[in-house]
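Residues per chain are reported as follows:
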Amino acid sequence: MRTWSRLCREDKLRLGLVPTMGALHEGHAALIRRAKTTCDRVVVSVFVNPLQFGPNEDYQRYPRDLMRDSVLAQQAGADVLFVPTPEEMLPAAADVRVTPPEVARRWEGEFRPGHFEGVCTICTRLFNVVQPDRAVFGRKDYQQLRVIEDMVAGLLLPVVIESAATVREPEGLALSSRNSYLSEEERSAALVIIRAMRAVEAALRSGERSGRVLTQMLTDHLRCEPMMKTQYAAITDPITLEPLEAVEREGVVLVAGHIGTTRLIDNLHLTDTAAAQ
Ligand code: PAF
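In this report, we go over the structure that sits alongside the text. (Residues numbered from 1 in each chain as written. Predicted model: local features only at pLDDT ≥ 70, side-chain atom pairs only at ≥ 80, totals over all residues. Heavy atoms only, no water.)

Here we look at the pairing of strand β7 (residues 251-259)
The condition that has to hold: Exposure is judged per residue with a 1.4 Å probe applied to protein chains only, and the accessible area is read against the type maximum: over 50% gives exposed, under 20% gives buried, and values in between give partly exposed. Elements are defined by DSSP. Helices are runs of H or I of four residues or more, strands are runs of E of two residues or more, and each kind is numbered from the N terminus. Pairs of strands are assigned from DSSP output, requiring at least two bridges between the strands.
Burial of β7 is extensive: 8 of the 9 residues sit out of reach of the surface. In terms of strand pairing, strand β6 (residues 228-236) meets β7 through 8 bridges, oriented antiparallel. Along β7, the bridge assignment pairs Thr-230 with Gly-257.

A word on the pattern of salt bridges
The test is simple: Counted as salt bridges are all cases of a side-chain nitrogen of Lys or Arg within 4 Å of a carboxyl oxygen of Asp or Glu.
Counted according to the given criterion, the structure contains 20 salt bridges. Measuring nitrogen to oxygen at the nearest pair gives 3.3 Å for the salt bridge that ties Arg-33 to Glu-26. A residue is classified by how much of its surface remains accessible, and Glu-26, at 41% relative accessible area, is partly exposed. Across the pair Arg-187 and Glu-169 runs a salt bridge whose closest N-O atoms are separated by 3.0 Å. Of this pair, Arg-187 sits in helix α8 (residues 184-205) while Glu-169 sits in the loop between β5 (160-164) and α8, placing them 18 residues apart in sequence. One salt-bridge network, held together by shared partners, links Glu-102, Arg-105, Arg-106 and Glu-242.

Comments concerning the sheet that holds strand β3 (residues 80-82)
Where strands meet in a sheet, backbone hydrogen bonds hold them as pairs that are either parallel or antiparallel. In plain terms, the rule: Note on geometry: axes are C-alpha line fits, over the in-contact stretch for helices, and angles between N-to-C directions span 0 to 180 degrees. Any pair of residues with heavy atoms lying within 4.5 Å of one another is described as a contacting pair.
Sheet architecture is open: 5 strands sit in the order β3-β2-β1-β4-β5, paired in parallel fashion. At either end of the open sheet lies a strand with only one pairing partner, and these are β3 and β5. The average angle at which neighbouring strand axes cross in this sheet is 30°, direction not considered. Packed onto the sheet, helix α6 (residues 115-130) meets β1 (15-20), β2 (41-46), β3, β4 (134-138) and β5 and runs at close to 150° relative to β1. Strand contacts of helix α7 (residues 142-154): β4 and β5, with the helix running at about 170° to β5, the strand carrying the most contacts.

If you want it as structure tokens, here you go:
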């Protein structure tokens, strides 16, 4: 991987990386296409990273299908599928860890202790091996994106972080590799998440700006679906991810919870225009 990357740099080719855990879907395809717009060559890494799963999480059952992944990645425009082994990504000195930035503390950080340390550590290693000019992350995992941005800034890593919008099914369910765990009934129950977030957006459009009122609306809406066990639902500042007292210009709705045994997360950006109208 390093040799190929060095040859690219010698040829003055801009290298993009899309880090993934495989089980690729249209959301990943959008990241790859995005990387292709700013880079000459795109590497897609596939590594199910044990460091970012808690002891009672789905590391063992996480979907793996390398043949499908390689077809999807190629069709989306990837030049290389980089599939390192656990031995390579977790070297003997693997007790070296990257401490995540402050923005990792709340939300996912609270409900998945150690998760962002695992993400930061593995992404740093991937950056060090692939040495991309740019790396593209999905806004679906919005807190992860913010954590990576701050980590890169804090460690002065020579990589530009880009993001791409969440891809949704027509009814609004955000694409996620974990959706494959959902039964038909759970799939339709999961739509409560996007409905609740859109209700907040609509209320903002009609002039409601109070973070407390909007958050209450969000949680009430989520409670309408008995299968949804919400872990957190908040309206936050897009940069700090601290809860907002009032949505003035921008905000991000963050939701996480379980439908059955499947943990889902989603978010919705509340834009200037939504707040201004
Ligand atoms: O978003 C993911 O799939 C993972 O967290 C990532 C960024 C590939 C790190 O393992």
